[in-house]
Amino acid sequence: MKKLALSNLNSLYNAINEKMRLYAPIENNGAVNFEEWSEGAEVNLNKMTVKSAKDAFFPQCEDLSNFKKDGKHIIVEQGELVAEDFVIFGVRACDVRAFHILDTVFLEGFLDTFYEARRKHGIVISLSCTKPEESCFCSNFGIDPAQPKGDIESYIAGENIYFNPVTEKGEKFMAEFAGLFENSDDKAVKDSQAKTREIMSKLPFNNLPLKEFGGDKLDAMFARPEWQALSESCIGCGTCTYVCPTCQCYDVRDYKTNTGVKRFRCWDSCMRKDFTMMAHGTNRPSHMQRFRQRFMHKLVYHPANHNGEFSCVGCGRCVAKCPVSMNIVKVMKTLGGNK
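Residues numbered from 1 in each chain as written. Predicted model: local features only at pLDDT ≥ 70, side-chain atom pairs only at ≥ 80, totals over all residues. Heavy atoms only, no water.

Enquirer: Where do I start with the pairing of strand 8 (residues 152–157) in this structure?
Expert: As a general feature of sheets, a regular strand has side chains that alternate between the two faces. Buried residues dominate strand 8, accounting for six of its six residues. Alignment of strand 7 (residues 122–127) against strand 8, held across three bridges, turns out to be parallel. In the sheet register, Leu127 faces strand 8, and the bridge partner there is Ser154. Relative to strand 9 (residues 160–165), strand 8 is paired through six bridges, and the arrangement is antiparallel. From the neighbouring strand, Glu153 faces strand 9, where its bridge partner is Asn164. Linking two consecutive strands that pair antiparallel, namely strand 8 and strand 9, is a turn of two residues; a positive phi of about 65 degrees is found at Gly158 within it. (Buried < 20%, exposed > 50% of the residue type's maximum accessible area, 1.4 Å probe, protein only. Helix = DSSP H or I, 4+ residues; strand = E, 2+ residues; numbered from the N terminus. Pairing = 2+ DSSP bridges.)

Enquirer: So what exactly am I meant to see when it comes to the nonpolar core here?
Expert: Side chains of nonpolar character tend, in soluble globular proteins, to be buried together. Grouped together as the largest cluster of nonpolar side chains are 42 residues, with contacts concentrated most on Phe137, Trp227, Phe291, Ile328 and Val331. Elements with a contribution of two residues or more to this core: helix 2 (93–106), helix 7 (226–232), helix 9 (287–305), helix 10 (317–321) and helix 11 (328–335). Looking at which element gives the most residues to this core, the answer is helix 9, with seven residues. The contact partners of Phe137, leaving out residues within four places of it in the chain, are Phe205, Leu208, Cys312, Gly314, Gly316, Val319, Ile328 and Val329. With 24 residues, the next largest nonpolar core counts Leu9, Ile26, Trp37 and Phe173 among its residues. (Core = buried A, V, L, I, M, F, W, Y, C linked by side-chain atoms within 4.5 Å. Contact = heavy atoms within 4.5 Å.)

Enquirer: Looking at this model, I keep getting lost on the sheet that holds strand 9. Mind explaining?
Expert: The strands making up a sheet associate through hydrogen bonds between their backbones, and the pairing can be parallel or antiparallel. One open sheet accounts for eight strands, arranged 3-2-6-7-8-9-1-10; its pairing is mixed. The sheet is open, and its two edges are formed by strand 3 (31–36) and strand 10 (182–183), each paired on a single side. Sheet topology places strand 1 (residues 2–5) next to strand 10; two bridges connect them, and they run antiparallel. When the sheet's bridge partners are listed, Lys2 is paired in strand 10 with Asn183.

Enquirer: Just to check I follow, could you spell out the pattern of salt bridges for this structure?
Expert: It is possible for side chains of opposite charge to pair when their charged atoms get near one another. Here the structure, examined in full by the defined rule, presents 19 salt bridges. One salt bridge connects Arg265 with Asp112, and the closest N-O pair in it is separated by 2.6 Å. One end of the pair, Arg265, is in strand 12 (residues 261–267); the other, Asp112, is in the loop between helix 2 and helix 3 (113–121), and 153 residues separate them in sequence. The buried category is assigned to Arg265, whose relative accessible area is 3%. Within this structure, Glu62, Asp112, Arg118 and Arg265 form a network of salt bridges that share partners. (Salt bridge = Lys/Arg side-chain N within 4 Å of Asp/Glu carboxyl O.)

Enquirer: Where do I start with the side chain of Asn44 in this structure?
Expert: Within the fold, Asn44 resides in the loop between strand 3 and strand 4 (61–70). Of note is the side chain of Asn44, whose polar atom sits 3.3 Å from the backbone nitrogen of Lys47. Setting aside its immediate chain neighbours within four residues, Asn44 contacts Pro25, Glu27 and Val32. (Polar contact = N/O pair within 3.5 Å; in protein donor to acceptor, adjacent residues only side chain to side chain.)

Enquirer: Just checking my understanding: could you explain the sheet that holds strand 12 for this structure?
Expert: The sheet built from four strands is open, its strands ordered 5-4-12-11 with antiparallel pairing. This sheet does not close on itself; its edge strands, each paired only once, are strand 5 (73–78) and strand 11 (250–256). When strand polarity is set aside, the average angle formed by the axes of neighbouring strands in this sheet is 20 degrees. Note: strand 11 against strand 12, seven bridges, orientation antiparallel. Bridge pairing links Lys256 to Val261 in strand 12. Sheet strands in contact with helix 3 are strand 4, strand 5 and strand 12, and its direction is about 130 degrees off that of strand 4. (Axes fitted to C-alpha atoms, helices over the stretch in contact; angles between N-to-C directions.)

Enquirer: How should the environment of Arg292 be read in this particular structure?
Expert: In this structure, Arg292 sits in helix 9. Judged by its relative accessible area of 11%, Arg292 is buried. Distance in space between the C-alpha atoms of Arg292 and Ala117 is 33 Å, their sequence separation being 175 residues. Not counting residues up to four positions away in its chain, the partners in contact with Arg292 are Phe222 and Trp227.

This is the structure in structure tokens:
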């Protein structure tokens, strides 16, 4: 276990930034999001970011290729893959688990080379929660916010921040910046962890009816009449999908430029009525069907195809950001018989 005084964190940021890009929770106009760090940036390690950390590996918009015409020939240029190491600092346990869920989508079966390159070069320094928010419910999914995992775990306790490497990447990083840290025992960290776990045990969504969901509940859950009433309060804005750390739907578009055609992808939402639109229309024409699809994927389809693992990490962002308070917790309580 290594430690660094919180007052010296800026020296760590500077040291990292001299060798590779650094992304951290940066506050702008009251909102905190993961952004590239530069001198003078206001890093806020106390607030949940509005968007998740998935942007580091699955950006909201990403160039895939360029098409240029040379006489009668078409030249295809693949989009640039990330080729240099970078650090994303301050990632919470829920977002770290979300990376694993995204891995099952982008790295298993069909290989997404853009995502693969970012995962290969990304170094995740996670941060233990000390003040979980009331909207958090990650513990329902076996996530311990006091043991955040990643390549390096970090913990704030008192006037210090403690670091513990978890992977080979983490060990290499700690060795590279060894001169910044002091040796330490883990007593302060264990005390902090105990406090965090006590807080989690008292949060309002600590005990959701998960046993009612899963891959073996497809037929029964799909036919539930409650879907119609639940969907009627949803306005289909898609906010929940854009703040969600595990949503991975995207659309691919071509854009004509002065020099050719640029192909890019950007996040999309299954809540939108034109999602997967084709010549014949869409396979989910009603709002209720689109609403049901989102939550069935999180709670039934994904666990059916991934050894029982739910595609929700309980970060609470959808709970906090939905403008009409219609979120996965309300769905789980209604369909799970715990209203």
